[in-house]
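Tertiary structure, described
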Amino acid sequence: MFKSYASKITSFLIENKEINQDDYEVYKYGFEVLIAFIVNIAIVLSIGLLFNKIFYSIAFLICYCPIRQFAGGYHADNHLNCCIIFAGIYVVSVFLRCIAEPPLVLCFIVVETLLILLLSPVESVNKQITSKRRRISRNRSIWILLANVVVCIVFLWVQPNNSYIEYYLISGFLASSTMIAGKIKLHFASRKKEGASL
C-alpha cells in the first residue's frame, strides 16, 4: 500500500515535470518513508484519542521520534510490520506508565544513557551510513540524551508526580531499547551475509 501510493505521487510529479525521471527511485523511497511516518503518527494519536490520552501520545512522540531518528534502532522488514511494532511500543509505554514510580523512571534514564553512549547510532541492515553521517547522528543523539537527563532531574526534584514527564522519559527508554534489537538484527544479517559469501 505504501509503495503504491509513493509510486503514484512520484509518477504524478514526474508527469508534471516537478522532478526528473532519473530521481524516481529516490523520491519514491522518500515518499514511502513519509507516508509510513504519517501513518505511525496517526495510529499513536488515534490510540491516544480512543483512551483519552492524547496529550500523553504527544509526549511520547516528542521524545521517541528524535531518538529513533538519530540513535537508530530496530527497523522492520516492511512498513506494515513497522506500524504494528510502533503501535505496540506505544501500548507498552502506557503500561509502564501505570507501574512507574520515580525510582523506576530513574532506572529508565540510566539505561537510556548507557545504550545511547554505547550503541548510538545503530544502522539499518539495508541502509549503511557514512562515517560523517554516523558522527553527526551520534552527536545529535547525545544532545537529545542530555535534554532528557535535564527533564529527568526536573521530574525527580521539582515535579515528581507529573505524568506527562513520566511518559516522555519512558518513551526515551523504549526508543533507546530498540537499539538492542537493531544491533541483534544487524549482527545476524552480517553473519548470514558472511555465510552466503563462503
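This report concerns the structure included in the present document.

We now examine the packing of aromatic side chains. Tallied over the full model, the rule gives eight aromatic pairs. With 6.5 Å between their ring centres and 35° between their planes, Y27 and F31 make a pair best called tilted. Highlighted residues: Y27 and F31, both in helix α2 (residues 24-50), separated by four residues, approximately one helical turn. For the pair F60 and F86, a centre-to-centre distance of 5.9 Å together with 55° between the ring planes defines the contact as tilted. A residue pair is termed long-range when its members are at least 10 positions apart, and F60 in helix α3 (residues 54-71) and F86 in helix α4 (residues 79-99) qualify at 26 residues. Among the aromatic residues, those joined into a cluster by ring pairs are F60, Y64, F86 and Y90.

By size, the foremost hydrophobic cluster in this structure holds 39 residues, and its most contacted members are F60, L61, I67 and L169. Of all the secondary structure elements, the ones that give two or more residues to this core are α2, α3, α4, α5 (102-119), α6 (131-157) and α7 (163-197). When residues in this core are grouped by element, the largest group, 10 residues, is from α3. Sequence-distant contacts of L61, defined by excluding residues within four places in its chain, comprise I41, V44, L45, P66 and F86. Counting residues in each nonpolar core, the second largest holds 10 residues, with A6, I14, I35 and C83 among its members.

Moving on: unusual backbone geometry. Both trends apply: most residues other than glycine have a negative phi, and most peptide bonds are in trans. The omega angle of the peptide bond from S120 to P121 is -10°, so this bond is cis rather than trans. Turning to its location among the elements, P121 is positioned in the loop between α5 and α6. Unusually for a residue other than glycine, N52 sits at a positive phi of about 60°. With respect to the helices and strands, N52 occurs in the loop between α2 and α3.

A few words on the side chain of S57. The topology assignment puts S57 in helix α3. Residue class for S57 comes out buried when judged on its relative accessible area of 0%. Among the polar contacts listed, one links the side chain of S57 to the side chain of Y90, at a separation of 2.7 Å. Apart from residues no more than four positions distant in its own chain, S57 is found in contact with V44, L45, G48 and Y90.

Cut-off values and rules
- Residues numbered from 1 in each chain as written.
- Predicted model: local features only at pLDDT ≥ 70, side-chain atom pairs only at ≥ 80, totals over all residues.
- Heavy atoms only, no water.
- Phe/Tyr/Trp six-rings, centres within 6.5 Å; stacked < 30°, edge-to-face > 60°.
- Helix = DSSP H or I, 4+ residues; strand = E, 2+ residues; numbered from the N terminus.
- Core = buried A, V, L, I, M, F, W, Y, C linked by side-chain atoms within 4.5 Å.
- Buried < 20%, exposed > 50% of the residue type's maximum accessible area, 1.4 Å probe, protein only.
- Contact = heavy atoms within 4.5 Å.
- Polar contact = N/O pair within 3.5 Å; in protein donor to acceptor, adjacent residues only side chain to side chain.

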